[in-house]
Amino acid sequence: WIMQDMTFILFGATGDLAQRKLFPALYNLFLDGKMPVSISIVGLGRYYCSNEFFQSKVEKALRLYSRRAVQTSGLQDFLTKFRYFAFDATDRGSYLNLFELIKNRENELDIPENRLFYLSVAPKLVDVITSNLYANGISQTLGWKRIIVEKPFGSDLKSAQQLNDTLSKAFSEKEIYRIDHYLGKPMVQSFETLVLANPALEALLDHKQISNVQITASETVGVETRADYYDQAGALRDMVQNHLFQLVMMTALHLPGEVTTKENEIKKMEIIESLRPILKDKVYLDVVRGQYESGAILDTPVAGYKEEPGVNDSSMNDTYFAARLYIDNPSWNGIPIYIRTGKRMDKKSTRIVFELKNKVEESNVLQTEEITPNLLTFEISPNESISLRVNMKNPSSNRFYPVYMNHSTNSKDQPEAYELLLFDAMLGNKTFFAHWKEVELSWKWIQPILEAFQEDMLPLYPYPAGSTGPEAANQLLQSNQFNWW
Ligand code: BG6
């Protein structure tokens, strides 16, 4: 992969994602010398503002959200790469003017026709934008073209297929980068190589040693200001279909060594194809859904979901989701994989825990001792760490107690997910983006659950804000003699 000069065209440049994530990501890449020598960045939004005003907004976003402090040296050089264009997605004239602007900047900066489009817009605009990019010649370049698409990628199987058909009219699969920021988290990106580089980890992660796997993505925030979207989506669409599924695939990969992007895609698809289907009328056996009630987060009282602004007071939306999955392939056969995610839980943490089989229990010598299972934990965010819990003997009491072998990294020193993913998209490396087949298969797998939710075929358990979720989720594990870690 070679970094080439390019134009970066950002639809939704006045939105929240651009301010919080994309501008800071570009800036940190710039500080690291990881940008193309020449790049023209065009930000598009609905309202008029001058280039200078837009550049000052970019600077403000960097000051608020960049992980590294803004440096005076080089700042002007960075900001002058940005141009703003007031844009109406439904007006043909807008596309013609945009095309002029892109070409003028390409001439001015001597940039070849390499164009990277980033759609950070409402899903309903994807169709009109991509078809107009094509119809007006903007996406027919002499160089390469790529398009990055933000989630949500559809709201069910059918709408995802329609969205994909739309994108495919103007871009080939090779050119479509479906972004899932969980795939950009440094620990997720290094997971496979860590295992490959460490025979000790590889030995532990053998299915013969593991009794179960638990993937948690808990959040303390509630619905915030996103009720319009979230009350339709729920945890299942917002977190499970994309982020948690990607974590399941990355956890189960077991690559034989370094592989190509294509081989990686095939492996991921094989995993998702081996996920044991959950039938609609059996969803209640393996899935728990919940909704938060009022409670307290760090001693601060917070409202229940139904009292949140914009939420329907009879809403049956899921703000918590837990499930037991099985991957029916030789590596994972019979090992339950539990996943859970929820808003307004006790803490913010995304982690994968491998619980090892407790062989010691079977030994006669130690039968009177309380031995806790060994746990290998990969904390993904907000902090990054790897820890191994082992049993240590206390010589005075002669009892075992758990100790931890720990390594953690300061997350401020780590690149953010969007930095890594934008860099890869600029290079043309699709390894950490979702292939259409992965997205389609995950929607297919989820579809019966969506329907069971819609038809109220299982209870919606309340849980107090600030808790670990509904009791029913504990029972899901207890029925296999496990507990959540
Ligand atoms: C987003 C969801 O994709 O991921 C949000 O739409 C959620 O609802 C967020 O809060 C969580 O991301 P992270 O990186 O904070 O775990």
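Residues numbered from 1 in each chain as written. Predicted model: local features only at pLDDT ≥ 70, side-chain atom pairs only at ≥ 80, totals over all residues. Heavy atoms only, no water.

Novice: Help me understand the pairing of strand β15 (residues 384–394), please; the structure alone is not making it clear to me.
Specialist: On a regular strand, one side chain projects to one face of the sheet and the next to the other, so that they alternate. Across five bridges, strand β14 (residues 375–381) lies against β15 in antiparallel orientation. Counterpart to L375 in the pairing with β15 is R389. Where β14 folds back on β15, the antiparallel hairpin that results is connected by two residues. One ladder, built from eleven bridges, connects β15 with strand β16 (residues 399–409); its direction is antiparallel. When the sheet's bridge partners are listed, N394 is paired in β16 with R399. The antiparallel pairing of β15 with β16 creates a hairpin that spans four residues between the two strands, and N398 there sits at a positive phi of about 65 degrees. (Pairing = 2+ DSSP bridges. Helix = DSSP H or I, 4+ residues; strand = E, 2+ residues; numbered from the N terminus.)

Novice: Can you help me understand the nonpolar core in this one?
Specialist: Side chains that are nonpolar tend, in soluble globular proteins, to be buried together. Core analysis: the biggest nonpolar cluster contains 146 residues, and F11, F23, F78, F321, I339 and F354 have the highest contact counts within it. Considering every element that reaches this core, the biggest residue donor is helix α9 (residues 227–252), with 13 residues. Aside from chain neighbours lying at most four places away, what touches F321 is A235, L236, V240, V287, V288, I339, R340, T341, I449 and F453. (Core = buried A, V, L, I, M, F, W, Y, C linked by side-chain atoms within 4.5 Å. Buried < 20%, exposed > 50% of the residue type's maximum accessible area, 1.4 Å probe, protein only. Contact = heavy atoms within 4.5 Å.)

Novice: I keep staring at the UniProt feature "active site" (unreviewed entry) in the protein and nothing clicks. Help me out?
Specialist: Those places that UniProt annotates as "active site" (unreviewed entry) correspond, in this numbering, to H243. With respect to the helices and strands, H243 occurs in helix α9. The exposure class assigned to H243 is buried, which follows from its relative accessible area of 2%. If we ignore the near neighbours within four places in the chain, the residues touching H243 are K151, D180, H181, Y182 and D238. (UniProt positions renumbered as here; feature names shortened; annotations may be inferred.)

Novice: Looking at this model, I keep getting lost on the sheet that holds strand β7 (residues 210–218). Mind explaining?
Specialist: Across the sheet, nine strands lie side by side as β16-β15-β14-β13-β7-β12-β11-β8-β17; this open sheet has mixed pairing. Every other strand in the sheet has two partners, leaving β16 and β17 (460–464) as the edge strands with one partner each. Adjacent strand axes in the sheet meet at a mean angle of 20 degrees, parallel and antiparallel pairs treated alike. Sheet analysis places strand β13 (residues 349–356) next to β14, joined by six bridges and oriented antiparallel. Pairing of F354 across the sheet is with L376, part of β14. Contacts between helix α7 (residues 186–197) and the sheet are confined to β13, β14 and β15, with β14 contributing the most and set at about 140 degrees to the helix. The sheet strands contacting helix α14 (residues 471–478) are β7, β8 (287–293), β11 (320–325), β12 (337–342) and β17, and the helix crosses β11 at an angle near 10 degrees. (Axes fitted to C-alpha atoms, helices over the stretch in contact; angles between N-to-C directions.)

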